[in-house]
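# Coordinate analysis (summary)
Each chain is listed here by its residues.
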Amino acid sequence: HLNRVPPPISKCADSVRKPTLGLRDLLRRLHRDERGVVSIFGAFLILIGLGLSVLVIDVGHLYLTKRRLQATVDAAALAAAGNPANATTIAQSVLAQGGFATTELIVQSGLYTPDPSLAVTARLNTNSDVPANAVRVTNRIATPDFFAAIFSEGGKANITATATAAQTPIVS
């Protein structure tokens, strides 16, 4: 066993195969290699989570602003129904106290008919020849978006609230 002679060097060099780095082989090797997949998947999940968080913040802000505006418009309509002749001044005052702009405020006074067969919007008769016992207040504001402004031009959302209030005679 010790007397064996090693094969000539030229035969050894021919029997060793050189590694191929062709594009097909590289892509095949990358496709089979699963190391690091969890970190890539985790990065995608973080991006999705951030996107959903942005959506929740913007939608939550819009919902809260709509509720605040509706509550203030309700209060303005109730206050103005007590004195329909000065309804616009009273509604402006209540909305200003609530912190809302009144540039797009619409105040309508008229006769309210509590008839369920009529559509809600048709129950207030705003003809000038009828005595007013009710007020409809509508206000529209533009509220800024936080993150959605990146994707939209003005970066503002319009919110509208309407309320109708009427005086009813006390029957004894």
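Here, every reference points to the structure presented above.
What this report covers is the structure whose coordinates are included nearby. (Residues numbered from 1 in each chain as written. Predicted model: local features only at pLDDT ≥ 70, side-chain atom pairs only at ≥ 80, totals over all residues. Heavy atoms only, no water.)

The next subject is the overall build of the chain. Within the chain one finds four helices and four strands. Seen in sequence order, the chain has helices and strands lined up from the N terminus as α-α-α-α-β-β-β-β. Within the span of the chain, comprising 172 residues, buried residues form 21% of the whole. Long-range contacts, defined as pairs at least 24 residues apart, comprise 57% of the intrachain contacts of the chain with a sequence gap of at least 6. Accessible surface computed for the chain: about 13,000 Å², of which carbon and sulfur atoms make up 62%. (Helix = DSSP H or I, 4+ residues; strand = E, 2+ residues; numbered from the N terminus. Buried < 20%, exposed > 50% of the residue type's maximum accessible area, 1.4 Å probe, protein only. Contact = heavy atoms within 4.5 Å. Areas by Shrake-Rupley, 256 points an atom, 1.4 Å probe, with all protein chains shown as cover.)

So, about the side chain of T138. Topologically, T138 is positioned in strand β3 (residues 134–144). Judged by relative accessible area, T138 falls into the buried class, the value being 16%. Looking at T138, its side chain comes within polar contact range of the side chain of T162, at 3.2 Å. Setting aside residues no more than four positions away along its own chain, T138 makes contact with E104, L105, I106, T160, A161 and T162. (Polar contact = N/O pair within 3.5 Å; in protein donor to acceptor, adjacent residues only side chain to side chain.)

All told, the structure shown has two salt bridges when counted by the stated rule. Here R140 and E104 are joined by a salt bridge, their closest N and O atoms 3.7 Å apart. Within this pair, whereas R140 is found in strand β3, its partner E104 is found in the loop between α4 (87–97) and β1 (106–112), the two being separated by 36 residues in sequence. The exposure class assigned to E104 is partly exposed, which follows from its relative accessible area of 38%. (Salt bridge = Lys/Arg side-chain N within 4 Å of Asp/Glu carboxyl O.)

Another point: the side chain of D58. Inspection of the secondary structure puts D58 in helix α3 (residues 37–81). Within the buried core, D58 has no salt-bridge partner, and the shortest N-O distance to an opposite charge, that of K156, equals 13 Å. With residues near it in sequence (within four places) discarded, D58 still touches D145, F146, F147 and A148. (Lys, Arg positive; Asp, Glu negative; His and termini not counted.)

A few words now on the sheet that holds strand β4 (residues 156–166). Strand order in the open sheet formed by four strands is β2-β1-β3-β4, with antiparallel pairing between adjacent strands. Whereas interior strands pair on both sides, the edge strands pair on one side only; in this sheet they are β2 (124–125) and β4. In this structure, β1 lies alongside β3, joined through five bridges in antiparallel fashion. Across the sheet, I106 pairs through a bridge with T138, a residue of β3. Contacting β3 and β4, α3 crosses the sheet at an angle of about 30 degrees to β4. (Pairing = 2+ DSSP bridges. Axes fitted to C-alpha atoms, helices over the stretch in contact; angles between N-to-C directions.)

Here two bridges tie β1 to β2, and the two strands are oriented antiparallel to one another. Note on β2: the bridge partner recorded for Y112 is L124.

To continue, consider α3. A rise of 1.5 Å per residue sets the reference length of α3, with its 45 residues, at 66 Å; its end C-alpha atoms lie 66 Å apart and thus fit the reference within 8%. All buried positions along α3 are accounted for by D58, T65, L69, Q70, T72, V73, A76, A77, A80 and A81. Close packing links the buried residues of α3 with α4, β3 and β4. (Expected span 1.5 Å × (residues − 1).)

As a rule of thumb, soluble globular proteins bury nonpolar side chains together. Among the nonpolar cores identified, the biggest contains 19 residues, and L69, V73, A76, L95 and V137 are the most heavily contacted of them. Of all the secondary-structure elements, those providing two or more residues to this core are α3, α4, β3 and β4. If you tally residues by element for this core, the top one is α3, at six residues. Leave out the neighbours within four places in its chain, and L69 touches F100, N139, I141, I159, T160 and A161. (Core = buried A, V, L, I, M, F, W, Y, C linked by side-chain atoms within 4.5 Å.)

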